[in-house]
Amino acid sequence: MAFLYKGPAQRGAIWAGHFARKMPQLPFLTWPEVGDPAQVRFLAAWEPPPRLAETLPKLEVLFSVGAGVDQFDFSALPPELAVVRMVEPGLTACMCEYVSWAVLSLHREMPLYLRQQRHGVWNEQPVRPASTRRVGVMGMGTLGRAALAQLRLLGFNCAGWNRSRHNEPGVRCYAGEAELDAFLAPTDILVCMLPLTPETRGILGRRVFDALPEGASLVNAARGGHLVQPDLLAALESGRLTAAILDVCEPEPLPQGNAFWDHPRIWLTPHIASATQAETAAEALMDNLRRHEAGLPLEGVVDRSRGY
Ligand code: NDP
Ligand code: OXD
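An account of the accompanying structure is given in this report. Keep in mind that this is a model prediction, so the values were computed, not measured.

## Things to note about the packing of helix H1 (residues 9-22) against helix H9 (residues 278-293)
Part 1 of the reasoning: Interaxial distance between H1 and H9 falls to 9 Å at its minimum, and their mutual angle equals 45°. Taken as axis vectors, H1 and H9 run oblique relative to one another. As H1 packs across H9, the resulting crossing turns out to be right-handed. Judged by residue contacts, Arg11, Ile14, Trp15, His18, Phe19 and Lys22 of H1 engage Ala278, Glu279, Ala281, Ala282, Glu283, Leu285, Met286, Leu289 and Arg290 from H9.
Part 2 of the reasoning: Across the contact of H1 with H9, the residue classes tally to nine nonpolar, one polar and five charged.

Rendered as structure tokens:
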């Protein structure tokens, strides 16, 4: 039985060290060295090798090295293969930092003050406490829920929207398309933390922007495919939205010449809201493998029919 890693070498070296120390009974292989392919039961990859069923005939679990699984073509994976997304505390903590930074920046009008500085304008807006700002998070999964806990600590008035009913103390929870308008109507800062699936592709578009209060702002730290770019430009132009902070775009990198690059109301970051942290992820992976060995359910198993 062996574990195969396919990904950046630096992370692979750290993981190999952790596995050698804590799980020496499970050989850790690094792609393209697969040894006896029939021994490989576990694969961690962003992009699995082609023709997976033939290449690794005894594979039981495919671990995504990131929290997202939208990079996988599920139809090309063996149907019985378990697919697991990355759930690890380092990645979650970094996402909480990013969402807190972005929401605080919008709450404290930083896009406006930066524009003012560029034009030599000294003009103050009323200073409002966080409790008067309503933040709505789309997707209260591992990352959205953790971000909301942090936002609550900062004092924001918080809400969340999911496919199914959630209950989270101190968070107004909404479920499904039927409650989307009720969620959006009182949302000053909308944060997208959804997985990218056929249902959520293009969700950040005119229909959602029109349901927000005039002058609301957007944070997209999920996937570029959630956003309809022309709809965002139109919403910023009309004043429906005041500003947007985007960590993700489609395609990435954002092509030169795209209107987002020098739009005065858009802040861009290059998909750095969070990233799998090698040390904490190695421990989380090994915990998951121990659960599997003990016959317990793996953490982060993807429901392929839902796409997350
Ligand atoms: P989870 O799978 O834990 O959570 C997904 C959440 O989204 C659930 O609460 C789910 O609701 C909700 N959801 C899914 N589909 C719908 C829908 N159609 N309508 C309403 N709610 C829906 O995901 P994570 O929190 O781990 O990760 C979220 C995403 O963050 C990843 O898929 C990835 O794309 C992105 N990401 C971005 C990073 C970056 O650096 N920019 C880094 C890491 C991740 P329910 O519980 O009801 O099913
Ligand atoms: C992830 C990402 O999905 O980095 O982990 O976006």
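## What to know about unusual backbone geometry
Part 1 of the reasoning: In this structure, Pro32 follows Trp31 across a cis peptide bond, with omega equal to 10°.
Part 2 of the reasoning: Here the residue pair Glu250 and Pro251 is connected by a cis peptide bond, since its omega of 0° sits within 30 degrees of zero.
Part 3 of the reasoning: Here Pro251 shows up in the loop between strand S11 (241-246) and strand S12 (266-268).
Part 4 of the reasoning: In this model, Arg51 sits at a positive phi of 45°, which is unusual for a non-glycine residue.
Part 5 of the reasoning: With respect to the secondary-structure elements, Arg51 resides in the loop between strand S3 (40-45) and helix H2 (52-55).

## With respect to empty space enclosed by the protein
Part 1 of the reasoning: Across all of its chains, the model carries one cavity of 30 Å³ or more by this definition.
Part 2 of the reasoning: Each pocket or cavity is described by its volume, and for the largest cavity that value is around 90 Å³.
Part 3 of the reasoning: If you go around the largest cavity, the residues you meet are Phe63, Val84, Arg85, Met86, Val87, Ala281, Ala284, Leu285, Asn288, Arg291 and Glu299.
Part 4 of the reasoning: If one sorts the elements of the lining of the largest cavity by residue count, H9 sits on top with five residues.

## So, the site of ligand 2
Part 1 of the reasoning: Taken together, Trp46, Gly66, Ala67, Gly68, Leu91, Arg223 and His271 make up the full set of residues adjacent to ligand 2.
Part 2 of the reasoning: Here Ala67 contributes a backbone N or O atom positioned 2.7 Å from an oxygen atom of ligand 2.
Part 3 of the reasoning: At a separation of 2.8 Å, an oxygen atom of ligand 2 approaches a polar side-chain atom of Arg223.
Part 4 of the reasoning: For ligand 2, the accessible surface in isolation is 210 Å², of which the surrounding protein chains cover 81%.
Part 5 of the reasoning: Partitioned by chemical class, the residues of the shell around ligand 2 number three nonpolar, three polar and one charged.

## Notes on the sheet that holds strand S1 (residues 2-6)
Part 1 of the reasoning: Taken in spatial order, the five strands make up an open sheet running S2-S1-S3-S4-S5, and their pairing is parallel. Edge strands, defined here as strands with exactly one partner in the open sheet, are strand S2 (28-30) and strand S5 (82-84). Sheet twist, expressed as the mean angle between neighbouring strand axes with direction ignored, is 20°.
Part 2 of the reasoning: Here strand S4 (residues 61-64) pairs with S5 via three bridges, running parallel. In the sheet register, Leu62 faces S5, and the bridge partner there is Val83.
Part 3 of the reasoning: Most of the contacts of H9 go to S4, to which it runs at about 160°, and overall it touches S1, S3, S4 and S5.

## Overview of helix H3 (residues 89-107)
Part 1 of the reasoning: Here H3 contains 19 residues, and its C-alpha end-to-end distance of 26 Å stays within 8% of the 27 Å for a straight helix at 1.5 Å per residue.
Part 2 of the reasoning: Where H3 begins, the side chain of Glu88 points an oxygen toward the backbone nitrogen of Gly90, at a separation of 2.8 Å.
Part 3 of the reasoning: Positive backbone phi, approximately 60°, marks Glu109, located one or two places after H3.

## Details of the layout of surface pockets
Part 1 of the reasoning: A volume near 230 Å³ is recorded for the second largest pocket.
Part 2 of the reasoning: Forming the walls of the second largest pocket are 18 residues, and the residues nearest its centre are Glu109, Arg133, Gly215, Ser217 and Thr242.
Part 3 of the reasoning: Looking at the lining of the second largest pocket element by element, the count peaks at three residues for helix H4 (residues 110-118).
Part 4 of the reasoning: A breakdown of the residues in the lining of the second largest pocket according to their chemical character gives seven nonpolar, five polar and six charged.

## Description of the environment of Asn288
Part 1 of the reasoning: Mapping Asn288 onto the fold places it in helix H9.
Part 2 of the reasoning: If we skip the residues at most four places from it in the chain, Asn288 touches Phe63, Val84, Leu298 and Glu299.

About the criteria used
- Residues numbered from 1 in each chain as written.
- Chains lettered and ligands numbered in written order.
- Predicted model: local features only at pLDDT ≥ 70, side-chain atom pairs only at ≥ 80, totals over all residues.
- Heavy atoms only, no water.
- Axes fitted to C-alpha atoms, helices over the stretch in contact; angles between N-to-C directions.
- Helix = DSSP H or I, 4+ residues; strand = E, 2+ residues; numbered from the N terminus.
- Parallel < 35°, antiparallel > 145°, perpendicular 65-115°, else oblique.
- Left-handed = near helix turned anticlockwise from the far one by under 90°.
- Contact = heavy atoms within 4.5 Å.
- Nonpolar A, V, L, I, M, F, W, Y, C, P; charged D, E, K, R; others polar.
- 1 Å grid on protein atoms, 1.4 Å probe; cavity = no way out; pocket = protein on both sides within 12 Å on 5 of 7 lines; lining within 4 Å.
- Points joined across faces, edges and corners; volume = space filled by probe spheres on them.
- Near = heavy atom within 4 Å.
- Polar contact = N/O pair within 3.5 Å; in protein donor to acceptor, adjacent residues only side chain to side chain.
- Areas by Shrake-Rupley, 256 points an atom, 1.4 Å probe, with all protein chains shown as cover.
- Pairing = 2+ DSSP bridges.
- Expected span 1.5 Å × (residues − 1).

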